[in-house]
Amino acid sequence: MGVTEPGGQSREDRSRELLRQVWLRNRPTTMERLSVVQSALEAMAAGNLDAGPRLAARDEAHKLRGILGTYGFAEGSELAAEAEELLEGDGAGAGGLAARLAGYAGTLPTE
Amino acid sequence: MDADEGRRLRALHSLGLLDTPPEERFDRVTRTAQRLLGTPIAMITLVDADRLWFKSRQGTSAVQADKNATFCAQAVQSDQPLAVPDALDDARFAAHDMVTGDPFLRAYAGVPLHAAGGHRVGTLCVFSPEPRTFTAEELDVLRDLARWAEGELDRSELAAALAAQRETEGRLRAFMDAVPEAVAMFDGDGRLLQVNPAGERLFGYRSDQVAGLTIDALLADDTELDELRPQLADLAPGDPPVRLEVDGRHAGGGRIPIEVIVSKATVDGDDRYVVAARDLTERRQAHIAVERLRRQQGLVLEAAAEGICGIDPDGLIVFANPSARRLFGLALEDPLDGVNLHERFHQSYPDGSPYPWEECPTYRTLHGAGPQRIADEVFWDSGGRPFAVEYASAPIVEDGAVTGAVVTFTDVTERRAVERMKNEFVSVVSHELRTPLTSVRGSLGLLASGALGPLGADAQRMAEVAVSSTDRLVRLVNDLLDLERIESGKVQLTLGPVAVDRLLRDAAAAVEGMAERAGVAVRLQPVEGIVNVDADQMLQAIANLLSNAIKFSDRGQAVDVVAERHVASLSIRVVDRGRGIPAEMQDRIFEPFQQVDSSDARERGGTGLGLPIVRSILIRHGGEVTLQSTPGAGSTFTLTVPTAPGREAVPGEGRPRPVVMVVEDDADLAEVLAVSLRRRGVDVVKALTERSAVTLAERVHPDLIVLDVVLSEGDGYGVVEALRRHPAHARTPVLVYTAHNLDDAQRSRLHLGPTEFLLKSGAGGDPLEEKVLTMVGLGAAEQEGRRLLVIDDDPDIGDVARLALEQLGPYTVQTAGSGQEGLRLALDQRPDAILLDVMMPELDGPATLARLRGEEALAGVPVLFLTAKAQASERDRLERLPVSGMIAKPFDPLTLAADVGRLLGWG
């Protein structure tokens, strides 16, 4: 890997750059999903999350896990996986996870 | 001695009479002479070179006399009789001893004796001591008696000739007797005249039984003599002998194969056939033995269940056994000789793609690579139907050169089916075992832990034995299932990027407890980097090797796991310092249930399936596992997995990407051009100066030069001028890309190969891109690449996938946000392959797949699942579905294009 082409910039570098641009373009949908999951977790912690929204939030978490990992945001992907599992179970620790997600969302690159 | 005297003496000697005892036949003559002529002495004398020898004498005891001046010496001088009435009166004889002394002879009469050749060899003569006259009648009598004596001389001559002949015959006989081969002579009527002992022995006769035998008696009854006769009749004396193979008849009645050599001679006008005969029994038996062997080999070939074909160096069939014909679906009378084996029956790979002769293992055999054995290919019968074969090709080597090959093949269709059934059986049985085993293990665990109440010491020990034995059984069942699933291809590779150090750490963690209990340290030497593998399977492979290494290490020893990066592969070595593996076991160790020591299964808790699983996993990854081991010093197992995809090619064409050299002194513009061109499937090199342009062109041989006229060092004219001097570059196409309007003179100075001009407009690179693609032969059509459809309900994933596949692979990508939309697009667009998310609302992956598979128009379009780790539990179910592979989510955008190509076999 890391084959440097005659152009001086490797294909990987160029692709990472393009990936960054895709991320920036699609950032709003991801941020929105993060906040959906975060709200659901908070509601769950408060004990007022119905089954319907809970499953919807679980699916959002599932998608987040995939896309964040694909962008290379490993930590975000792991947090999303935790959320997915939690939204399927009894909800223990939902409040803490909601807080961690909120904190994490702030670290995602904006440029 | 004159010549006449010489001949006379030879004639005398050949009589063989000198110095022989007196003979009655001569004495009879001398007695008669004595009586008739009334002389006391009568003799037959032979006149030798220097003496007179008396063959017969009457009235004297002398046996010989000095030749000089004797009467007889005188007598043989003439044919006339010599008569001397009184020697004392004859000057020739008066002084002779016999006259002057005892016996005082006075009268003599002698007649010469002629031998058969007319030579006078001696005399018949009479003497008297008294002078006397011999009358004419008396001399006639003496002459008649001389004729009688001459008759006796002739008989002597004949006897001598016979003796000589006897001697010659004796030598001939000795010679004949000594000849080991039978020699015989027949007369013109076929009667046996003579035969040597070898001949007697050959035919079984004693020498006293051969007289009167005929040729018919010596030949077997059914020998057609008449057929032989014409050959013999034409034979003339002096002709080369005729050679025949016939059956002789032995005296005992048996049959003897013989070779006879017949020549003809004429003896005294009579025909004689001289026949030499040689016993062919041994030779014929050897011949029969060879024939039998040949027939047996033929039978083996005929009877062999395997197809066997011999081919010449060009691959043309020179022989084929009946099984080969049967397997090819040919009748016995269908011509097969001269048919090209590969082109007719092996022309395609199992997937139907062309199988070039140069790639065929038999081709390698014919070109010195030695025997080849292939287990997983197909031959195509005469009806074009494939059948699974195992085949081997072995070279035919004569005098060190390969003169052909023998190809042996078996139809393994049925065997494959049986293997599949066996594996499925193992799989089902193991599945069925697992459930009760789990409850047995659980119950025993509860018992042994004391959770159900305390046990007595014996019962506790028994319970622990039961637990550990059950654990072993569970491992065995699990390993059996794993091996069966991997080998049957039920487990599909889910390739994804994995950090090498992560892989090593996880594997070490999996065996941590075991290592601690064994007191063995596991030391890791990872490398940086990502490897694209099925993480679960690769982890299992490494962990299997680690657990083996720990089992066979002593307490306090260390096991090393060393990763190394190579140009196109990654290797992971697991090194132990245990007892090692004997050389004779090293080949078998990867086969199921081949433990070094049969007690290992009990003592070390192995199932005998760990290494086979490792090997299967590596093979599935296109890698390998190898072993170096020194008994007593330890073993090193090396896993190797390929890391670099092959050289990128324009899809479907298999040709390398064209190379374009951009000569442009504005580094930013050069980079923009390079990026946009690379996106269109072109490799780009950049040169900023005249000198670097010329050097680079010589090195990379560009397919096209995009040339700016104004450069910071040198200029475009200089580049063209320099390249015109190189025959290799003088025809290189040039696209002059300049901000200046050029006149005709300037333009002609920029001509190299096909040359075009484009004005820099500042309005983006599109016109340039199109021009470049046309000039390097990549029109819009060629540039399109394979079309993929990505179906994922997350549009962001679709976005990233499209980016990754289009930027890093030769693909154009469409995306669909749901199963329904995907179906519609698939039917509309007919993509070359589909990437399908498993987990989607409404129509999920498997349901979409079922609908896709239900569409005839989409038959054969391969589908890859995009599946998240969470669905690994469903893997069993997903793996049974008709997909070409799986890609783990989240995927690495940098390797996605390569992974897709690999899974779809698009290399």
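Nothing here was measured: the structure is a model prediction, and the numbers come from that model.

I would appreciate a short explanation of the overall build of chain A in the present structure.
When helices and strands are tallied, chain A shows 4 helices and 0 strands. Each helix (α) and strand (β) of chain A, taken in turn from the N terminus, gives the series α-α-α-α. When burial is assessed residue by residue, chain A has 34% of its 111 residues classed as buried. Sequence separation of at least 24 residues holds for 54% of the intrachain contacts in chain A that already meet a minimum separation of 6.

Got a minute to help me understand the overall build of chain B in this structure?
Along its length, chain B carries 31 helices and 33 strands. Taken over 907 residues, chain B has a buried fraction of 33%. For chain B, the proportion of contacts with a sequence separation of at least 24, taken over those separated by at least 6, is 59%.

Looking at this model, I keep getting lost on the interface of chain B and chain A. Mind explaining?
Accessible area lost upon the coming together of the parts is a frequently used measure of interface size. The interface of chain B with chain A comprises 23 residues on the first partner and 21 residues on the second. Put simply, the parts of the chain that give the side of chain B that touches chain A at least two residues each are helix H21 (667-678), strand E25 (683-687), helix H27 (795-808) and helix H31 (893-903) of chain B. Among the elements that take part in the side of chain B that touches chain A, H27 of chain B stands out by supplying 7 residues, more than any other. Considering only residue class, the side of chain B that touches chain A consists of 15 nonpolar, 2 polar and 6 charged.

Could you clarify how one ought to interpret the environment of Ala265 of chain B in this entry?
All names here are of chain B. Along the chain, Ala265 falls in strand E10 (residues 255-267). The sequence separation of Ala265 and Ala236 amounts to 29 residues, and the corresponding C-alpha distance is 7.6 Å. Residues within four places of Ala265 in sequence aside, it is in contact with Pro237, Arg272 and Val274.

What should I look at first to understand unusual backbone geometry in this one?
Phi is mostly negative for residues that are not glycine, and the peptide bonds are mostly trans. Residues and elements named next belong to chain B. Here the bond from Lys889 into Pro890 is cis, since omega is 0 degrees, no more than 30 degrees from zero. Residue position: Pro890 is located in the loop between strand E33 (885-889) and H31. With a phi angle near 55 degrees, Glu842 is a residue other than glycine that sits in the positive phi range. Position of Glu842 among the secondary structure elements: in the loop between strand E31 (833-837) and helix H29 (845-853). Accessibility expressed as a C-beta count within 10 Å gives 10 for Glu842, which makes it exposed.

I tried to follow the packing of H27 of chain B against H31 of chain B on my own but got confused; where do I start?
Axis angle and axis distance: for two packed helices, these are the angle between their axes and the distance between the axes, and together they describe the pair. Residue and element names in this part refer to chain B. Put simply, H27 and H31 touch, their axes get as near as 8 Å, and they point 65 degrees apart. In terms of axis orientation, H27 runs roughly perpendicular to H31. Of the two elements, H27 crosses H31, and the hand of that crossing is right-handed. Residues Val800, Ala801, Leu803, Ala804, Leu805 and Leu808 of H27 lie in contact with H31, whose contacting residues are Pro893, Leu894, Leu896, Ala897 and Val900.

Would you mind going over helix H13 (residues 413-449) of chain B with me for this structure?
Since the α-helix turns once every 3.6 residues, residues separated by three or four places project in the same direction. Residue and element names in this part refer to chain B. In this model, H13 (37 residues) spans 52 Å end to end at C-alpha, consistent with the 54 Å of a helix rising 1.5 Å per residue. Ser430, Leu444 and Ala448 are the residues of H13 that are buried. Gly450 lies just past H13 and shows a positive phi near 80 degrees.

Sorry, what's going on with the sheet that holds strand E26 (residues 704-707) of chain B here?
Across a sheet, strands are paired by hydrogen bonds formed along the backbone, either parallel or antiparallel in direction. Residues and elements named next belong to chain B. Spatially, the 5 strands line up as an open sheet ordered E25-E24-E26-E27-E28, and their pairing is parallel. Only two strands of the sheet have a single neighbouring strand rather than two, namely E25 and strand E28 (755-759). Each strand axis lies, on average, 20 degrees off the axis of its neighbour in the sheet, ignoring direction. Summarising the sheet, E26 and strand E27 (residues 734-738) pair through 3 bridges and their orientation is parallel. Bridging from a neighbouring strand, Val706 pairs with Leu735 of E27. Taken strand by strand, H21 contacts strand E24 (659-663), E25 and E26, and its axis lies near 170 degrees from that of E25.

What exactly am I supposed to notice about the nonpolar core here?
For soluble globular proteins, the rule of thumb is that nonpolar side chains tend to be buried together. In this structure, Ala83 of chain A together with Ile542, Leu546 and Leu864 of chain B are the most contacted members of the largest nonpolar core, which totals 106 residues. Broken down by element, this core gets its largest block of residues, 10 residues, from helix H17 (residues 535-551) of chain B. By size, the runner-up hydrophobic cluster in this structure holds 44 residues, among which are Val29, Val84, Ala109 and Cys125 of chain B.

Explain the environment of Met31 of chain A to me, please; I cannot follow it from the model alone.
Residues and elements named next belong to chain A. Looking at the element boundaries, Met31 is found in helix H1 (residues 11-46). Residue class for Met31 comes out partly exposed when judged on the 13 C-beta atoms lying within 10 Å of it. A sequence separation of 77 residues divides Met31 from Leu108, and the C-alpha atoms of the two residues are 9.1 Å apart.

Even after reading the chapter, I still don't get the sheet that holds strand E2 (residues 51-58) of chain B, so can you show me in this structure?
Residue and element names in this part refer to chain B. One open sheet holds the 6 strands; their spatial order is E3-E2-E1-E6-E5-E4, and the pairing between them is antiparallel. Among the strands making up the open sheet, the edge pair consists of strand E3 (64-66) and strand E4 (82-84). Strand-to-strand, the axes of this sheet are offset by a mean angle of 25 degrees, without reference to chain direction. Relative to strand E6 (residues 120-128), strand E1 (residues 41-47) runs antiparallel, the two sharing 6 bridges. Along E6, the bridge assignment pairs Ile41 with Phe127. Sheet strands touched by helix H5 (residues 136-178): E1, E4, strand E5 (107-114) and E6. Its angle to E5, the strand with the most contacts, is close to 35 degrees.

How do you make sense of the pairing of strand E16 (residues 401-411) of chain B when you look at a structure like this?
Two faces make up the sheet, and in a regular strand the side chains alternate between them. Residue and element names in this part refer to chain B. Here strand E12 (residues 307-311) pairs with E16 via 5 bridges, running antiparallel. When the sheet's bridge partners are listed, Gly310 is paired in E16 with Val406. Pairing geometry for strand E15 (residues 386-398) and E16, over 10 bridges, is antiparallel. Each residue of the ladder has a partner; that of Ala392, found in E16, is Thr408. If you look at the hairpin formed by E15 and E16, you'll find 2 residues sitting between the two strands, and Asp399 has a positive phi there, around 50 degrees.

Parameters and conventions
- Residues numbered from 1 in each chain as written.
- Chains lettered and ligands numbered in written order.
- Predicted model: local features only at pLDDT ≥ 70, side-chain atom pairs only at ≥ 80, totals over all residues.
- Helix = DSSP H or I, 4+ residues; strand = E, 2+ residues; numbered from the N terminus.
- Buried ≥ 20, exposed ≤ 12 C-beta atoms within 10 Å, placed from the backbone.
- Contact = placed C-beta atoms within 7 Å.
- Nonpolar A, V, L, I, M, F, W, Y, C, P; charged D, E, K, R; others polar.
- Axes fitted to C-alpha atoms, helices over the stretch in contact; angles between N-to-C directions.
- Parallel < 35°, antiparallel > 145°, perpendicular 65-115°, else oblique.
- Left-handed = near helix turned anticlockwise from the far one by under 90°.
- Expected span 1.5 Å × (residues − 1).
- Pairing = 2+ DSSP bridges.
- Core = buried A, V, L, I, M, F, W, Y, C linked by C-beta atoms within 7 Å.

Interpretation note: all reported values are geometric properties and have no functional meaning in isolation.
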